[in-house]
Amino acid sequence: ELKVEQNPLFLSMQEGKNYTIYCNYSTTSDRLYWYRQDPGKSLESLFVLLSNGAVKQEGRLMASLDTKARLSTLHITAAVHDLSATYFCAVERSRNTDKLIFGTGTRLQVFP
Amino acid sequence: DAGITQSPRHKVTETGTPVTLRCHQTENHRYMYWYRQDPGHGLRLIHYSYGVKDTDKGEVSDGYSVSRSKTEDFLLTLESATSSQTSVYFCASRTTAMNTEAFFGQGTRLTVV
């Protein structure tokens, strides 16, 4: 059974600082997705990572995928308040491409 | 954004009653999913569909059933609602299973009293 774990679950950080959110998964996969959710809202797609070594960047966020380590990271550079949200990673198994399994989420708060 | 709508957006129901949530998409997406979101658990997959009349169980399927008679509609039924099914339910869809992100509806907040 595919398990997806994120850490930390909660992150409070000061504006201007850098930090990394980690996403570990339990079985072979080479497709990983990052989503953002604002409070009370739906989920919005951020990044699609489709191969080992894939790196995607958008503004202050950069995501990477290491399929051998079964690990993805979401790096935040010089955080700003607008990045405050909950971030989810999601993985699908390589041999069963139908199921999309989400991690528990990381709630990020950025304060002045 | 993909056209995915959920109805109702909010519902309060009594324990033991059946409840049906509807997900409607206008993108002709093949794959559709139902998740529930609870604090501390993230999103958990309930059921999903890989085509009309083709469905399969997810991580937390007990007490739920689904149906997909048309490409655009995916129904989630709580056969006999319990308080543990109080949650926010999200529907998602995507074109193919490979290499594409899923698009989400706005969610349905269900309270079972």
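Definitions and cut-offs
- Residues numbered from 1 in each chain as written.
- Chains lettered and ligands numbered in written order.
- Predicted model: local features only at pLDDT ≥ 70, side-chain atom pairs only at ≥ 80, totals over all residues.
- Heavy atoms only, no water.
- Salt bridge = Lys/Arg side-chain N within 4 Å of Asp/Glu carboxyl O.
- Helix = DSSP H or I, 4+ residues; strand = E, 2+ residues; numbered from the N terminus.
- Buried < 20%, exposed > 50% of the residue type's maximum accessible area, 1.4 Å probe, protein only.
- Pairing = 2+ DSSP bridges.
- Disulfide = S-S within 2.5 Å.

S.K.: Please explain the pattern of salt bridges as it appears in this structure.
M.R.: Opposite charge on two side chains permits them to pair, given that their charged atoms come into close proximity. Tallying each qualifying case throughout the model produces 7 salt bridges over all chains. Between A:Glu92 and A:Arg31 there is a salt bridge, with the nearest N and O atoms lying 2.9 Å from each other. Separated by 61 residues along the polypeptide, A:Glu92 in the loop between strand E9 (85–91) and strand E10 (101–102) and A:Arg31 in the loop between strand E3 (19–25) and strand E4 (32–37) bring together distant segments of the chain. Look at A:Arg31 and you get buried, because its relative accessible area is 6%. For A:Glu92, the salt bridge identified is with B:Arg94, shortest N-O distance 2.5 Å. On the criterion of chain membership, the pair formed by A:Glu92 in the loop between E9 and E10 and B:Arg94 in strand E9 (residues 87–94) is interchain, its members lying in two chains.

S.K.: Help me understand the pairing of E9(A) in this model?
M.R.: Successive side chains on a regular strand alternate, one facing one side of the sheet and the next facing the other. Residues and elements named next belong to chain A. Within E9, 7 of the 7 residues are buried, which leaves the element mostly enclosed by the surrounding structure. Of the two faces of E9, the one carrying Ala-85, Tyr-87, Cys-89 and Val-91 and the one carrying Thr-86, Phe-88 and Ala-90 are both buried. Two elements, E4 and E9, share 6 bridges in a ladder whose sense is antiparallel. Paired with Tyr-35 across the strands is Phe-88, a residue of E9. In the sheet, E9 pairs with strand E11 (residues 106–111) via 3 bridges, with the strands oriented antiparallel. Looking across to E11, one finds that Thr-86 is bridged to Arg-107. Pairing geometry for E9 and E10, over 2 bridges, is antiparallel.

S.K.: Is there a simple way to think about the state of the cysteines in this case?
M.R.: Covalently bonding the sulfur atom of one cysteine to the sulfur atom of another cysteine gives a disulfide. In total, this model carries 2 disulfides over all chains according to the counting rule given. One disulfide in the model links A:Cys23 with A:Cys89; its S-S distance is 2.0 Å. Looking down the S-S bond of the A:Cys23 and A:Cys89 bridge, the torsion is 80°, so its handedness is right-handed. Of this pair, A:Cys23 sits in strand E3 while A:Cys89 sits in strand E9, and the two are 66 residues apart along the sequence. Residue classification places A:Cys23 among the buried residues on the basis of a relative accessible area of 0%. The disulfide partner of B:Cys23 is B:Cys91, and the gap between their sulfur atoms is 1.8 Å. In this structure, the disulfide formed by B:Cys23 and B:Cys91 twists by about -70° around the S-S bond and is classed as left-handed. Residue B:Cys23 is found in strand E3 (residues 19–25), and its partner B:Cys91 is found in strand E9; the two are separated by 68 residues along the sequence. Considered together, B:Cys23 and B:Cys91 belong to a single accessibility category, that of buried residues.

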